[in-house]
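Listed below are the residues making up each chain.
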Amino acid sequence: MTQSSNLTKLHEAQVKLANETLVNYRDFITKEFIDEFGSSYQTAAQFKDIWRKAFKYAPECEAFLINKSKLFVAMLPTDNKLYKNPKFLKILIRKICEYLSTYTCRIAEKPNIPANQQIINRSKFANNLFAALFENNTYVQ
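Conventions and cut-offs
Residues numbered from 1 in each chain as written. Predicted model: local features only at pLDDT ≥ 70, side-chain atom pairs only at ≥ 80, totals over all residues. Heavy atoms only, no water. Helix = DSSP H or I, 4+ residues; strand = E, 2+ residues; numbered from the N terminus. Expected span 1.5 Å × (residues − 1). Buried < 20%, exposed > 50% of the residue type's maximum accessible area, 1.4 Å probe, protein only. Contact = heavy atoms within 4.5 Å. Phe/Tyr/Trp six-rings, centres within 6.5 Å; stacked < 30°, edge-to-face > 60°.

Participant: Which parts of the structure should I look at to understand helix α1 (residues 3-37)?
Facilitator: Each α-helix turn comprises 3.6 residues. Residues three or four places apart therefore point the same way. Between the first and last C-alpha of α1 there are 49 Å, a value that for 35 residues agrees with the 51 Å anticipated at 1.5 Å per step. Among the residues of α1, those classed as buried are Q14, L17, A18, T21, L22, Y25, I29, T30, F33 and I34. Buried residues belonging to α1 abut α2 (44-47), α3 (51-54), α4 (59-74) and α5 (86-104).

Participant: How should the packing of aromatic side chains be read in this particular structure?
Facilitator: Both the distance between ring centres and the angle between the ring planes are used here to describe each pair of aromatic rings. This model, assessed by the stated rule, comprises 14 aromatic pairs. Measuring from ring centre to ring centre gives 6.2 Å for Y25 and Y99, while their planes differ by 85 degrees; the resulting arrangement is edge-to-face. Residue Y25 is located in helix α1, and its partner Y99 is located in helix α5; the two are separated by 74 residues in the primary sequence. A relative accessible area of 0% means that Y25 is categorised as buried. Of the residues examined, Y99 reaches a relative accessible area of 5% and is grouped as buried. On the basis of an interplanar angle of 90 degrees and a centroid distance of 5.1 Å, the ring pair of F37 and F64 is categorised as edge-to-face. Residue F37 is found in helix α1, and its partner F64 is found in helix α4; the two are separated by 27 residues along the sequence. Among the residues examined, F37 registers a relative accessible area of 27% and is labelled partly exposed. Looking at F64, the relative accessible area reads 15%, which means it is buried.

Participant: Would you take a moment to explain α4 for this structure?
Facilitator: Helix length check: α4 (16 residues) gives 23 Å between terminal C-alpha atoms against 22 Å at 1.5 Å per residue, within 8%. All of the buried residues in α4 are C61, E62, F64, L65, I66, S69, F72 and V73. On its buried face, α4 sits against α1, α3, α5 and α6 (122-135).

Here it is, written out as structure tokens:
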């Protein structure tokens with residue numbers, strides 16, 4: 001095989017593993033968030049797909065999400081060398097940031113306009129999260 005073919009296969013494996021890991025991350029972060037900020041009767045199962053829009057934005061919640069996300073990345077299994085690959089980590093963290101940006105962009109919501117009518121560019125918020133989770137993360141670097 002040529003080197004470019006091997007690199008293509010490696011990239012495909014990294015993207016596939018990142019997508020699989022993101023499913024686990026979503027379950028993890030939902031449970032952690034609901035346990036910390038939900039009411040006593042609220043469960044992660046109830047809020048699995050809606051917590052990012054159901055809870056009001058708060059800076060302490062964002063800080064919590066960043067810290068728990070760093071913990072998740074640091075606790076990835078060591079049985080697969082891809083988990084420690086910087087390119088895999090970059091792909092995974094980018095996906096995590098896109099997922100979390102649905103919540104963090106809520107800081108920009110305008111109080112007099114219904115949420116479903118607001119247009120907010122989430123990429124700026126995803127980039128801010130990426131800086132916190134990838135660029136400023138000593139574990140990843």
